[in-house]
Amino acid sequence: MPLRDWLRWGRRRPVEEEAPELDALLAQAARVGSYADRVDWVRDALRWIGQDVTDAQDEAGIARAHARVRFLLQLAARGTPAGQAVRKLLAQLLMDIDIEQIVTNGGVPRRSGFVKELYERVLATFLPKPDYRHDATALTVSLLSHRRTIAWIDLLPGEQASQLAQLFVDEGSLERLRPQIASAMLTIASEAQAVGLAHDVRRRLSNHSALTSPFGQLVGAVEAFIASADAPRQAELNATLEQCEALLGTLESHFDEAGVSVDLVYRGERTRAQLRKLRGLAQWLVGEEPLHILRQLMNGVRREVQLRGTAALVSENMRLLSRRIAERNAETGEHYIATTRAQYRTMLGISIGGGALMTLAVYIKFGITAAHLPLLWEGVLASLNYAGVFVLVALAHFTVATKQPAVTAPALAARMHDLEKPGRIDALVGEAAALVRSQVASVFGNLVAVAPCALGVAALWWLAAGQAPLSVEKARSVLESHSILGPSFLFAAYTGVLLWLSGLLAGWADNAFTLRRLDEAIATNRRLVRRIGPERARARADWWKANIAGLAGNVGLGVLLGLTPTLYLFAGVPLEVRHVTLSTGQIAVAAFTLGAGVVTTMPFWLAMAGLALIGALNVGVSFGLALRLAMRAVDISAVDRVHVYRAIRQRLLSRPLEFIWPPRDEPRPALPEQAR
């Protein structure tokens, strides 16, 4: 036991000695007259009960809290004036609180827009809290959300929970409670039905008809249950709720063809929460045990605390945005994973082509730097240089290795489902091995092409101009700037972040193009159809649909690589980019300028070591960020991630060559069809 807890334990008195404090609390209950006084008394009582609880693992503190609850229940049950005052106070508090508002809104996601909701939550942090009578959910959270209160309530025995519930109930409060719960159920059902029958939702569900949709029957099923809250009606309502949940599960199956909408994902999750709440409220009305009701109440409090926090709002929106982008990137990343030797050779070929074209970017960048332009224009021209060459690589159907991790990682994460099934993890490890060797092939192809091409151009330059492309000072500066002993590793990690951001931009653009059905708009544009004909208009629309992600990602990457260092320099931060393919070409040109003897010098080998680190950080940072984002989007648990990482390490130790070269004439292990 830590010293602080030991000292605190030493100061704890036996609970029996706290009778005077309990008597004072009961006497105070007799003097309570207003609504605010009742709320303050409950807050004081909860503070007194949980005063010794330090955390959820403090068994001794929780036991003392339960002992205080027993004393409070015993004294309240004696029929003394103080006990009657407590009963009256709690029953009146239940009459004052808007139960319908708590039941309807508590623990259910709600949002009117990210920017507006963020503004409201930040503002609420600094402004005085409103009268709780206008927000009963906020009152419940204020009273029950303290970690000490949650700790002892979670472990409260069932008998005490039942007795505690009886303190809040008298004839008047009980008569008022059931109609409010029934009214809340009808409100929740109406809201869920409105979402399920909305046109933009129905067109993405497997059942498009409002007449046959279970959502069309939801309000009627709730009304029938309210009219006769018994077990048969509850079974009928649960059947309808299950049908609604199953239909709602088909919403995301249309995202590939119609695009991922954050608003639809949010409405779907909100409706799922409402359907779960309807099932729980039905249990309440047919006579659920008080202990189970208390557990559901505390789960709702936890969820409400999460929903009310600013950090939770940002986290929730980032998760939805992650799903929106990762779903689109996963489909794109499929094309960059070589699973057979034939595909591996193809990957090598397109990577060699991409490396050869990147030689253009190397020399154009040297020319822009030699022009000594104003800083802003140098950044703009560098952006145009990188973006133009990247787009040229994409249009030539070649590839640049460092751009792949941002889209291949979501493709891997998209398969991390149902990992408990036999053979599932082995198949997933096979996918990971295919992804790694595809990345190795791409990096190798890029580097094996850009270095000879850069040297070849330098030789032609020397033959034509009689001098090397760079000055000796510039060549030495290039080697020094790429040394492993310098800040290149920081610049390389930063470049990995930019590579990841370009992948996000590519996924966002592809999803936005599909979501807004711009291909249909292009194919049916009257002016375009009149000028080039319907077939060519359709072909142009298909071309844009197939290439929008690549164009957006390449242009975005070019702008990020060329312009962000300039913007940092404006702020006085000397941050640069280190792209392994570009750096390899620059080092090759610098080595040609300094002559063959440079390979015997320490700066050259420090630069080569720095080059290896740059490549590892470019790929590793980009892949790590993309995989984390994709796992967040598809809700991969920490336990599943641990199992996957352990299996990958075991495969790497037992069959390391599988991560470099594909098995002979063996495709990757096939995953079950439902995972694709």
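Basis of the calculations
- Residues numbered from 1 in each chain as written.
- Predicted model: local features only at pLDDT ≥ 70, side-chain atom pairs only at ≥ 80, totals over all residues.
- Heavy atoms only, no water.
- Helix = DSSP H or I, 4+ residues; strand = E, 2+ residues; numbered from the N terminus.
- Buried < 20%, exposed > 50% of the residue type's maximum accessible area, 1.4 Å probe, protein only.
- Contact = heavy atoms within 4.5 Å.
- Areas by Shrake-Rupley, 256 points an atom, 1.4 Å probe, with all protein chains shown as cover.
- Salt bridge = Lys/Arg side-chain N within 4 Å of Asp/Glu carboxyl O.
- Phe/Tyr/Trp six-rings, centres within 6.5 Å; stacked < 30°, edge-to-face > 60°.
- Arc of directions from axis to C-beta.
- Core = buried A, V, L, I, M, F, W, Y, C linked by side-chain atoms within 4.5 Å.
- Axes fitted to C-alpha atoms, helices over the stretch in contact; angles between N-to-C directions.
- Parallel < 35°, antiparallel > 145°, perpendicular 65-115°, else oblique.
- Left-handed = near helix turned anticlockwise from the far one by under 90°.
- Nonpolar A, V, L, I, M, F, W, Y, C, P; charged D, E, K, R; others polar.
- pLDDT = per-residue confidence, 0-100.
- Patch = residues over 30% accessible without salt bridge, like charges linked within 9 Å, V, L, I, M, F, W, Y side chains within 5 Å.
- Expected span 1.5 Å × (residues − 1).

**Concerning the overall build of the protein chain**
Assigned secondary structure in the protein chain consists of 30 helices and 0 strands. Going through the 676 residues of the protein chain one by one, you find that 46% of them count as buried. Within the protein chain, counting contacts between residues at least 6 apart in sequence, those at least 24 apart form 82% of the total. Total accessible area on the protein chain is roughly 33,000 Å²; 61% of this is exposed by carbon and sulfur atoms.

**Brief notes about the pattern of salt bridges**
Tallying each qualifying case throughout the model produces 10 salt bridges. Across the salt bridge formed by E576 and R578, the nearest N and O atoms sit 2.9 Å from each other. For E576, a relative accessible area of 36% corresponds to the partly exposed category. Accessibility expressed as a relative area gives 6% for R578, which makes it buried. One salt-bridge network, held together by shared partners, links D52, R64 and R68.

**A short note on the packing of aromatic side chains**
Evaluated as defined, the whole model comprises 4 aromatic pairs. Relative to W461, the ring of Y363 lies with its centre 6.4 Å away and its plane at 20°, an arrangement referred to as stacked. Of the two residues, Y363 sits in helix 19 (residues 341–370) while W461 sits in helix 22 (residues 424–465), which places them 98 residues apart along the sequence. Taking 5.7 Å as the distance between ring centres and 85° as the angle between the ring planes, the aromatic pair formed by Y494 and Y568 counts as edge-to-face. With Y494 in helix 24 (residues 488–515) and Y568 in helix 27 (residues 534–570), the pair connects residues that are 74 residues apart, well separated along the chain.

**Examining unusual backbone geometry**
Leave glycine aside and you will find that most residues have negative phi; peptide bonds, for their part, are mostly trans. One non-glycine residue with positive phi stands out, namely H372, at about 55°. As for its position among the elements, H372 is in the loop between helix 19 and helix 20 (375–395). The class of H372 is exposed, set by a relative accessible area of 68%. Positive phi, normally seen in glycine, also occurs at H397, with a value near 65°.

**Things to note about the side chain of S583**
Relative to the helices and strands, S583 resides in helix 28 (residues 580–594). Residues within four places of S583 in sequence aside, it is in contact with H482, R578, L611 and I614.

**Things to note about helix 13 (residues 218–227)**
Of the positions making up helix 13, those classed as buried are L218, V219, A221, V222 and F225. Along the axis of helix 13, the buried positions cluster into a sector of 160°, meaning they face one direction only.

**Structural notes on the nonpolar core**
The biggest cluster of nonpolar side chains holds 71 residues, and the ones touching the most others in it are W41, V42, W152, M185, L218, L237 and L278. No other element matches the 8 residues that helix 3 (residues 35–49) contributes to this core. If we ignore the near neighbours within four places in the chain, the residues touching L237 are M185, A221, V222, F225 and A282. With 40 residues, the next largest nonpolar core counts A361, A454, L479 and L498 among its residues.

**Here's the deal with the environment of E658**
Looking at the element boundaries, E658 is found in the segment after helix 30 (638–654). Between the alpha carbons of E658 and G430 there is a distance of 8.7 Å; along the sequence they are 228 residues apart. Once you skip the residues sitting within four places of it in the chain, E658 turns out to touch A433, R437, R651 and P663.

**Quick look at the packing of helix 20 against helix 27**
For any two helices packed against each other, the geometry is given by the interaxial angle and the distance between the axes. Viewed as axis vectors pointing N to C, helix 20 and helix 27 meet at an angle of 155°, and their least axial separation amounts to 8 Å. Taken together, helix 20 and helix 27 sit at an angle that is classed as roughly antiparallel. Two packed elements cross with a definite hand, and for helix 20 against helix 27 that hand is right-handed. For the contact of helix 20 with helix 27, the residue count by class is 19 nonpolar, 6 polar and no charged.

**As for the confidence of the model for the protein chain**
Considering every residue of the protein chain, the mean pLDDT works out to 79; 79% of them sit at 70 or more. The secondary-structure element of the protein chain with the lowest mean pLDDT is helix 1 (residues 3–11), recorded at 38, while helix 28 shows the highest, at 93. Across residues 1–11 the pLDDT falls below 50, and counting only partners more than four positions away or on other chains, this stretch makes 8 contacts in the model. Confidence drops under pLDDT 50 across residues 667–676; counting only partners more than four residues distant or on other chains, this segment forms 26 contacts.

**Digging into a nonpolar patch on the surface**
On the surface, L375, L376, L567, L569 and F570 cluster together into a nonpolar patch covering about 460 Å² of accessible area. Within the residue set of the nonpolar patch, elements represented by two or more residues are helix 20 and helix 27. Sort the elements by how many residues they give to the nonpolar patch and helix 27 lands first, with 3 residues. One can find L567 in helix 27. In this structure L567 comes out as partly exposed when scored by relative accessible area, which is 48%.

**A word on helix 27**
Since one α-helical turn is 3.6 residues long, residues separated by three or four positions face the same way. With 37 residues, helix 27 should reach 54 Å at 1.5 Å per residue; the first-to-last C-alpha distance of 50 Å fits that figure. At the exit of helix 27 stands G572, carrying a positive phi of roughly 85°.

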